[in-house]
Amino acid sequence: MKKLLVILMVTLAILSMAKVKIQFWHAMGGWRIDLLKSMANEFMKLHPDIEVDVQYTGSYHDTLNKLIAAVKAGNPPDVVQIYDIGTQVMIDGGIAVPIQDLIDKDKSFDIGNFLDQVLNYYRVNGKLYSMPFNSSNPILYYNKTLFKKAGLDPNHPPRTFKELLEYAKKLTIKDKDGNIVQAGITWPLHSWFFEQFMAVQNAPLVDNNNGRTGRPTKAVFDNEAGRRFFRLWYELSKNGWMINTKREDWTGARQLFGSQKVAMLISSTSDVALMMKLAKENGFELGTAFLPRPEGAKRGGVAIGGGSLWIIAGHPKEETEAAWEFVKFMASPEQQIKWHEGTGYFPIRKDAVEMLMNQGYYAKYPHHLTALLQLLLSEQTYNTRGAIIGAFPEVRQIVETAVEKMLNGEMTPDDALAWAQAQATKAIQDYNELYAH
Amino acid sequence: MIPYVLLVPTFAIIVIFIYWPAVYSFKMSFYRISPFGNRMIYTGLRNFGRLFQSSEYIHSIKVTAIYVGFSVLLTVFTAFFIALLLNLKVPGTPVYKALIFIPYAISPAISGTLWTFLLNPVVGHVNYFLSKTFGISVDWLTSKPYALYALILASVWKVVPFDTIFYLAGIQDVPDDLLEAATLDGASSWTKTWRIVFPLLSPITFYLVIMNIISFMFSSFAIIDVMTSGGPGDYTTTMIYRLYLDAFSFQKTGIASAESVILFGIMAVVTFVYFYFGERKVHYQ
Amino acid sequence: MKKSTRKLINTIVAEVILITIALIVSLPLFLAVSISFQSPEEVFSYPPKILPKGLYLKNYVDAFNLVPLARLILNSTIMAIAITAGKLTTGLLSGYAYANFRFKGREVSFALLFATLFLPAETVMIVPLFLIMKKFGWINTYWALTIPFMASATNTFLFRQHFRSIPKELEDAARIDGATPMQYFSKILLPLSKAMIGGAAIINFVYAWNMYLWPLIVTMEDKMKTVQIGVRMLISSESANNWGVIMAGTIVVLIPTVAVFLLLQNLFVRSLVRSGMKG
């Protein structure tokens, strides 16, 4: 009896020792924290020998900065979700195990099932460094109920910049003192929308084919396409047809739209699930549409936004293997569908999309279809593949500063854009200096 | 032997955590360092050149000067005025004192939070009051130049008690008949106060100005971070906020080190002024 | 006008001005308390309410759920107490050294110490100090939050001043009775300095409790953050604009320092003034 107990204890001890513990950092706030935890729990059920410690580490920007600090301090996580624009700085840091290397070794995994648009974004110089995970693009959400009240056709959302201005004007209501009771539109004060509207017009942000054929040396967005968008933003705001949020305030923009203070919202497709819920709670009918384009502009597309999963090097072999299992799991069709349904990030793989189509999912949830179609119908050019810039986080901040300078009347739209381009070029050159040889 | 042993703990800490970092930042200011720290190139003085050519950095110096200058002036005069009143020891003074001193114990971050709420255009009481009485409605934190006014307001509110405490202590040493004459003699009393009492307290004023400069240059970081995050645009980005952004948001360790060195330089000047004028011209009681 | 009448008028004028100032200064705090007890509907009602309808305590519960406030309070308490203890210890020892001993290097070392008054480590020094913390492997630990701040010029000055004010005869008498310098320090000086130590303790505690920039950058995980960062987290959390909750969290965070301050105001004021005056 006693012997049995000893054996049992030893076995337990070995088992618990054999359990590989990995850390996973992510930047998905709000209701998505629990969703990711439940996905990790499902993974642990399938892999009882692996324990995943899931941690929410703040915004994308914060997560990258925390990773940098952790790498320098010598205790980085095993898996970390990094935003799209952090790709180059991650590659330059040389701290990750390229996913491509793991794929090449693992015959069970077929990257061919992934959407081309997604792979095109995350492949740099033909190599995949991280596992695509959450991808989205911006769409136009609109309040059909308020459209009807304003005498607009709820089935004809604005398609061009000109229409957008007209609609926003008609949807704005001011009281007798000139205070805004209801505004036409909002979107978060975020550079991402600038980047996306450049892609919509098939225009590049930086040289060397948007950084896809070599390290970019300068910003090139001070052009007709950039000016059109800056002027649109200015025009909408100046007239009170648009409410601007604080910098990168996604929540604020969502609340404005959810509470029907504004009639239209441009935001990420990752909000689809939340928007459907908000529309139901607040009793209005939700519409979604592609991003409007300037009239007569060449048709481009939208670039992928979102994040991917990186496996950080320097951990014991078992941990890296466990991390690879976890990353594969998160990119599997079942998990991608679950993630898609819970958020609105579209599935990153063709087989998942097919499964959903066969189930009649998109007939039931047309808003999810808007998001997917907009991406699938995008022209595939260097400009819609998204820019690769080492100093991208700083360039983003520069664009946002420029927008604020424009909105508070310090600069005209054209001057603000030119200023942003000059500053961005400086940031890019500073960054490149480090990699000159 | 004993005094040296007694000094070991203090000097161990200030050498390791103040002097070593200071020297270290001089060294780092000559390098450019990649975000993950895996590349480091020697650039000599080019980081400094870059900073002084950068319109953003020059702007941050200007904003710092304006913000610190106005805050110090407002704080010192308000505090002096309040101290004079408290010194009259009218009935109820202990209660007024307690209420007026409270912000001293409140952190800059919380000061920023309270004022962010009060100045909120939708739910804040200040804006309600202003629009009812004067018919003005202002986006305090997101528009120019109001964002700077808002910061100064929150900063002065927080620091006035500190100065008042010192003035009040200092006034105790001013001869009573002088004070009496100054504060109770009707119309001409204020001129007398400024001419007689204020100069008598110049050592305290000098000390407070120096302390306030340090406080507004550095501790105000929390107020700015909470209230405006340096915005709108980079309008309220002061030197310390710029340093924080460059170091911890954009991971430009080399440039940020150069910014530290510039701040040391400014503090060296302040220290020099303090010793030079403080020791010679001003006498402490 | 008779002098007494004039005095009366002046007193009334002073009363009115003082009441106004006291009200304006304490208004933000008063409104914060009020808002913390208001439901979202009340907070967003127009015109803004001065007093809450009832005590809407859910705000406080929400504040503790939205950010790990209990844990943050623990962290801040540990940090503030450790820094306070450290600063008092180093300050008492070094203050004693400067007040009661003559030794080589006294002036030079004092100048070195004095200069640190102008180099606030928790702000100007963040970049190099952060790099040094990395070398020590202290990022995201209590060490980084406490050790670098355990000595300061202010505390040394304060105790040096105080020890100097104690009659020299006492030291001589002790020596004649055969007490060693350390015995004199621990048996006589320290007991005589209780009030001063108390006052300095409050100043140090308030300082540490209110630190912001350093904890912001040197802690990575939420469970290592401090209350001041917690306030920032409340403002930028998903339910931002929920001012009732933000104010509830704010009140919780400011209560310790404000309470200590109000209770021990006189002690505090005396020590603060002493710390600033050079002798």
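Before going further, it helps to examine the overall build of chain B. Scanning chain B from N- to C-terminus turns up 13 helices and 2 strands. Judged by the C-alpha coordinates and their principal axes, chain B covers about 70 × 65 × 30 Å. For chain B, with 285 residues in total, the buried portion stands at 51%. For chain B, the share of sequence-separated contacts (at least 6 apart) that also reach a separation of at least 24 residues comes to 69%.

On to the overall build of chain C. From N to C terminus, chain C includes 15 helices and 0 strands. Taken over the C-alpha trace, chain C has a radius of gyration of 24 Å; the compact-globule value for 279 residues is 19 Å, which it surpasses by more than 25%. C-alpha atoms of chain C, sized along the principal axes, occupy 75 × 75 × 30 Å. Looking at chain C alone, contacts between residues at least 24 apart form 78% of all its contacts between residues at least 6 apart.

Here the focus is the pairing of strand β2 (residues 50–56) of chain A. Consecutive side chains of a regular strand alternate in pointing toward one face of the sheet and then the other. Sheet analysis places strand β1 (residues 20–26) of chain A next to β2(A), joined by 7 bridges and oriented parallel. The residue of β2(A) that forms the bridge with A:His26 is A:Tyr56.

For the rest of this paragraph, the subject is the sheet that holds strand β10 (residues 180–186) of chain A. All names here are of chain A. Spatial ordering of the open sheet is given by β9-β10-β11-β8-β12, a layout of 5 strands whose pairing is mixed. Only two strands of the sheet have a single neighbouring strand rather than two, namely β9 (173–174) and β12 (286–289). Sheet topology places strand β8 (residues 138–143) next to strand β11 (residues 262–268); 5 bridges connect them, and they run antiparallel. Bridge pairing in β11 places Pro-138 opposite Ser-268. Across the sheet, helix α18 (residues 366–376) is in contact with β8 and β12; its angle to β12 comes to roughly 10°.

What follows is about the confidence of the model for chain B. Confidence along chain B averages 88 in pLDDT terms, with 93% of residues attaining 70 or more. Low pLDDT, under 50, characterises residues 281–285 of chain B; the predicted model gives this stretch 9 contacts beyond four residues in sequence or across chains.

Moving on, we get to the pairing of β8(A). Residues and elements named next belong to chain A. With 6 of its 6 residues buried, β8 lies for the most part within the structure. On β8, burial covers both faces: Pro-138, Leu-140 and Tyr-142 on one face and Ile-139, Tyr-141 and Asn-143 on the other are all buried. With 4 bridges connecting them, β8 and β12 associate as antiparallel partners. Counted as the bridge partner of Asn-143 is Leu-286 from β12.

Right, let's talk about the interface of chain B and chain C for a bit. Contact residues are listed per partner, giving 71 residues for chain B and 77 residues for chain C. Here the side of chain B that touches chain C gets 17 residues from one element, more than from any other, and that element is helix α1 (residues 2–28) of chain B.

This next bit is on the interface of chain A and chain C. Taken together, the contacts link 11 residues of chain A with 7 residues of chain C. Among the secondary structure elements, those contributing two or more residues to the side of chain A that touches chain C are α3 (60–73) and α12 (250–258) of chain A. For the side of chain A that touches chain C, the leading source of residues is α3(A), giving 5 residues. Grouping the constituent residues of the side of chain A that touches chain C by class yields 3 nonpolar, 6 polar and 2 charged.

Residue and element names in this part refer to chain B. With an omega of -5°, the peptide bond between Lys-144 and Pro-145 qualifies as cis. Turning to its location among the elements, Pro-145 is positioned in the loop between α6 (125–133) and α7 (146–171). In this structure, the amide linkage connecting Gly-231 to the following residue, Pro-232, adopts the cis form with an omega of 0°. Following the sequence through the fold, Pro-232 ends up in the loop between α11 (221–227) and α12 (239–249).

Let us now look at the confidence of the model for chain C. Per-chain confidence: chain C averages 88 in pLDDT, with 96% of residues scoring 70 or above. Across the whole predicted complex the pTM is 0.89, and at the interface the ipTM reaches 0.90.

Our next topic: the nonpolar core. Ranked by size, the top nonpolar core spans 299 residues in total, and within it A:Val79, A:Ala168, A:Ile185, A:Met264, A:Phe326, A:Val327 and B:Ala150 carry the most contacts. Per-domain counts for this core show at least three residues from each of domain 1 (20–136 + 304–376) and domain 2 (138–302 + 385–433) of chain A. Residues within four places of A:Ile185 in sequence aside, it is in contact with A:Ala168, A:Leu236, A:Trp241, A:Met242, A:Val262, A:Ala263, A:Met264 and A:Leu265.

A few words now on the packing of α1(B) against helix α6 (residues 126–136) of chain C. It is at 8 Å that the axes of α1(B) and α6(C) come closest, and there the two elements cross at 105°. Relative to α6(C), α1(B) is oriented roughly perpendicular. The segment α1(B) lies against α6(C), with B:Phe17, B:Trp20, B:Pro21, B:Tyr24, B:Ser25 and B:Met28 engaging C:Val127, C:Pro128, C:Leu129, C:Leu131 and C:Ile132. Residue classes in the contact of α1(B) with α6(C) are distributed as 10 nonpolar, 1 polar and no charged.

Cut-offs and rules
Residues numbered from 1 in each chain as written. Chains lettered and ligands numbered in written order. Predicted model: local features only at pLDDT ≥ 70, side-chain atom pairs only at ≥ 80, totals over all residues. Helix = DSSP H or I, 4+ residues; strand = E, 2+ residues; numbered from the N terminus. Buried ≥ 20, exposed ≤ 12 C-beta atoms within 10 Å, placed from the backbone. Contact = placed C-beta atoms within 7 Å. Rg over C-alpha atoms; globule rule 2.2 N^0.38 Å. Pairing = 2+ DSSP bridges. Axes fitted to C-alpha atoms, helices over the stretch in contact; angles between N-to-C directions. pLDDT = per-residue confidence, 0-100. Nonpolar A, V, L, I, M, F, W, Y, C, P; charged D, E, K, R; others polar. Core = buried A, V, L, I, M, F, W, Y, C linked by C-beta atoms within 7 Å. Domains from an automatic or database assignment. Parallel < 35°, antiparallel > 145°, perpendicular 65-115°, else oblique.

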